[in-house]
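Examination of the molecular architecture
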Protein chains: 2
Amino acid sequence: MPPLTTHELARSLHVRNEAKIVMLVADGLGGLPHDPAGLTELETARTPHLDQLAQRGVLGLSIPVKPGITPGSGPGHLALFGYDPLEYLIGRGALEATGIGFELGPNDVAVRANFCTLDATGCITDRRAGRISTEEAAPLTHRLRQVRIEGVEVFVEHVKEHRFVLVLRGEGLGGNVLDTDPQAIGVPPLAPRAADESSQATARAAAEFVSQACRLLADQSKANGVTLRGFSRRPDLPSYEELYGLRAAAIAVYPMYRGLARLAGMRVLGQPQTLAEQIDLLAAHWAEYDFFFLHYKYTDSTGEDGDFAAKVRRIEELDAMVPRIVALRPAVIIVTGDHSTPSLLRSHSWHPVPTLLVSDCCRSDDSAEFSERACLRGGLGQFEAKYLMLLALANAGRLSKFGA
Amino acid sequence: MPPLTTHELARSLHVRNEAKIVMLVADGLGGLPHDPAGLTELETARTPHLDQLAQRGVLGLSIPVKPGITPGSGPGHLALFGYDPLEYLIGRGALEATGIGFELGPNDVAVRANFCTLDATGCITDRRAGRISTEEAAPLTHRLRQVRIEGVEVFVEHVKEHRFVLVLRGEGLGGNVLDTDPQAIGVPPLAPRAADESSQATARAAAEFVSQACRLLADQSKANGVTLRGFSRRPDLPSYEELYGLRAAAIAVYPMYRGLARLAGMRVLGQPQTLAEQIDLLAAHWAEYDFFFLHYKYTDSTGEDGDFAAKVRRIEELDAMVPRIVALRPAVIIVTGDHSTPSLLRSHSWHPVPTLLVSDCCRSDDSAEFSERACLRGGLGQFEAKYLMLLALANAGRLSKFGA
């Protein structure tokens, strides 16, 4: 027999009570000093409220996937939600659709599509249609909504510049179709080819889409062809309710994180535009849910901009909101990130992520502040992020004993 | 679907660049204090250059296999090279052949062979032929090279005292043959018996070898029989090039480590006799490779001798060479060991191994020195050695993001 998985443990051990859990995810929270001997963004920021939580709580460093592995937003969040990111893979098409807020259903196949330019013989002259502007491309995607395929519902949603999402909805559409982008110019796009029996119908529908799309774009000089990549179905994640017995809600500004939460079966609340509005929503729905995922984007975007000072400011803005969360008296508060985004690197990175957990029984560790250095010495040690939900449940009194 | 393995991650995420990685393995580096409250060998040694690296870098303790497991050289190195030592097993025969520098091919079965003594009825009287001296045994192994087996090429290489290596080379020889050593005296050696269909031919060839060997040794009083153990084929390891996209070179004095590196697809450079010569080779071949494995034996051999002071001296000798490596300006320097060899125990041990990694983005951890105590507080935490290569690649900018 294979060993029990953490999901099997969670399913069989969870109990329900009144204890509420708040997981505040500061995207890309972890950082690096610019001068190797100096301070990180989090260490530089003045964070009296987070420091106070650190004093009450227990700290640690979470490893998003495995040592050395830099995660994208998808795997980073799945791990925080307790799904092994190496087991639950989100296809590229499904993630792209999720990222623009398209709610994938069980009969959907999502595809990342590119506009391209074709010469008179049908060979690709530019794989990205000269990175056509969003203003020019959006009307073309609308035009593609005229495509009709028998037995298949077609959705076309613009993303940005030459990129759009195609969703094919229909019974029995497999997600295993190879990319049509030949990754070269001077050759025609490949025909959609199914990699398994159940994806034959998908490949036929995709071919029909391409054929009609080319007719609809025939008079266009900027983009007269399309390529399709990353065919994928919605990942099949067991829900928070099923795994943890939690009524879970997500409060996020950006579509990607709203979509990821939805994949885990969370209810997505409102249309907040600011952290203050997010916390308004938290307070307004406090009685209705057991678990709240709050997503804060700007620690990542400032890191990706390489703007150390801006990331520091964004952390301080986050800190200022902490008292409003504490005032709701959750049984468990977690503050963490889905990965590090050091402004030094201007990108996501593999570095373990500062993590803080507060409850009445967390065995606090004498930490004085919330920082990478303090987290390195913290009571949670270094742990894989996929275990964080078990710790959350345990601290909420929501996990019973394993074995007698 | 089973979770992605770290090898699948490495294969799909690695990118190539100009960044060079040096992994300096001080065999058996970890130690123990002789007085429990005292210092280890590494803590006693004066190591200004390693301490300087520790100040720039990040420290940790690597667990060679699993907590409590003491590895041999094979698993210890496989883990450092990024192969799960519980998945990639090197058969005893293959390891013995590797240890004497015999380069195993894909059609080879390697066997650990012992000289023994047999009485007139063919029963074993001494399983190790009275630990016959190397001087007496070597000519006997040469005599066994007269054995001829149809369709099979036979190699006989002396190891030490009563031990030699037999390699059978031929198409379709399976490696699954049971030991012929009955582990008892007063009984005859067992006949070679195949444990699977594909090893039948191997068992027949082995029986023929034993029969001819006994005839060739019939006039010998010190050793007139042989037993065969640890039949095994060369382990099938994916190469560094394939896994990591690294052109890898090994610079080692001793055949065992040269052989282990060769199994991972590294090029073995020169015939160095000293660490200084090893670093000459490193400098001479600097442009040709991306990854260099340098092996330093004497921290292990002095530990096995139980000579605390000698191990301290050997660590200081290693430290003296560090500036020559640093001067080459590798993007990543790693200093570690394949296991601990505390002189207190006079043997390999399970204790986690001091490990140091330096790069421009390693998130240094305020360590002041390279020691077991500092490593315990280090930013890499305690981690399984098999993840070290992922950390090396990440710090070299050679791993792209997992998922979008």
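What this report covers is the structure whose coordinates are included nearby. Because the structure is predicted, anything quoted here is derived from the model rather than measured. (Residues numbered from 1 in each chain as written. Chains lettered and ligands numbered in written order. Predicted model: local features only at pLDDT ≥ 70, side-chain atom pairs only at ≥ 80, totals over all residues.)

**Some words on helix α12 (residues 308-326) of chain A**
Residues and elements named next belong to chain A. Here α12 contains 19 residues, and its C-alpha end-to-end distance of 28 Å stays within 8% of the 27 Å for a straight helix at 1.5 Å per residue. Taken as a whole, α12 carries its principal kink of about 25° at Ala 320; the proline Pro 323 stands between one and four residues after it. Within α12, burial applies to Phe 308, Lys 311, Val 312, Arg 314, Ile 315, Leu 318, Asp 319, Val 322 and Ile 325. (Helix = DSSP H or I, 4+ residues; strand = E, 2+ residues; numbered from the N terminus. Expected span 1.5 Å × (residues − 1). Bend = angle between axes of the 7 residues up to and from the residue. Buried ≥ 20, exposed ≤ 12 C-beta atoms within 10 Å, placed from the backbone.)

**Observations regarding the nonpolar core**
Counting 208 residues, the largest nonpolar core has Ile334(A) and Ile334(B) as the members making the most contacts within it. Among the elements that take part in this core, helix α7 (residues 200-217) of chain A stands out by supplying 8 residues, more than any other. Of all hydrophobic cores here, the second largest spans 40 residues; its members include Leu95(B), Phe164(B), Ala205(B) and Leu217(B). (Core = buried A, V, L, I, M, F, W, Y, C linked by C-beta atoms within 7 Å.)

**Comments concerning unusual backbone geometry**
For Arg346(A), which is not glycine, the phi torsion reads 55° and is therefore positive. Residue placement: Arg346(A) occurs in the loop between β11 (332-336) and β12 (353-358). Positive phi, close to 55°, is recorded for Arg363(B), a residue that is not glycine. Residue position: Arg363(B) is located in the loop between β12 (353-358) and α13 (372-376).

**Comments concerning the interface of chain B and chain A**
Listed as interface residues are 23 residues of chain B and, on the opposing side, 29 residues of chain A. Residue assignment for the side of chain B that touches chain A shows that the elements contributing at least two residues are α1 (6-13), β13 (381-384) and α14 (388-395) of chain B. Examining the composition of the side of chain B that touches chain A, we find that 4 residues originate from one element, α14(B), more than from any other. Broken down by class, the residue content of the side of chain B that touches chain A amounts to 13 nonpolar, 5 polar and 5 charged. (Contact = placed C-beta atoms within 7 Å. Nonpolar A, V, L, I, M, F, W, Y, C, P; charged D, E, K, R; others polar.)

**Observations concerning the environment of Glu135(B)**
With respect to the secondary-structure elements, Glu135(B) resides in helix α6 (residues 134-144). Taking the C-alpha atoms as reference points, Glu135(B) and Leu104(B), separated by 31 residues in sequence, lie 26 Å from one another.

**Here we look at the packing of helix α3 (residues 48-56) of chain B against helix α12 (residues 308-326) of chain B**
Packed helices, taken two at a time, are described by their axes: the angle between them and the distance between them. Residue and element names in this part refer to chain B. For the pair α3 and α12, interaxial distance at closest approach is 7 Å and the crossing angle is 55°. Judged by the angle between their axes, α3 and α12 are oblique. Each of Pro 48, His 49, Leu 50 and Leu 53 in α3 lies in contact with α12, whose residues at this interface are Asp 319, Val 322 and Pro 323. Within the contact of α3 with α12, the residues separate by chemical class into 5 nonpolar, 1 polar and 1 charged. (Axes fitted to C-alpha atoms, helices over the stretch in contact; angles between N-to-C directions. Parallel < 35°, antiparallel > 145°, perpendicular 65-115°, else oblique.)

**Quick word on the sheet that holds β12(A)**
Pairing between the strands of a sheet comes from backbone hydrogen bonds, and it takes one of two forms, parallel or antiparallel. Residues and elements named next belong to chain A. The strand order across the open sheet built from 8 strands is β9-β8-β10-β1-β11-β12-β2-β13, with neighbouring strands paired in mixed fashion. Each edge of the sheet is formed by a strand with only one pairing partner; in this case those strands are β9 (267-268) and β13 (381-384). Across 3 bridges, β11 lies against β12 in antiparallel orientation. Pairing of Ile 333 across the sheet is with Val 358, part of β12. Here helix α14 (residues 388-395) sits on the sheet and contacts β1 (21-26), β2 (58-63), β11 and β12; the angle it forms with β11, its principal contact strand, is near 155°. (Pairing = 2+ DSSP bridges.)

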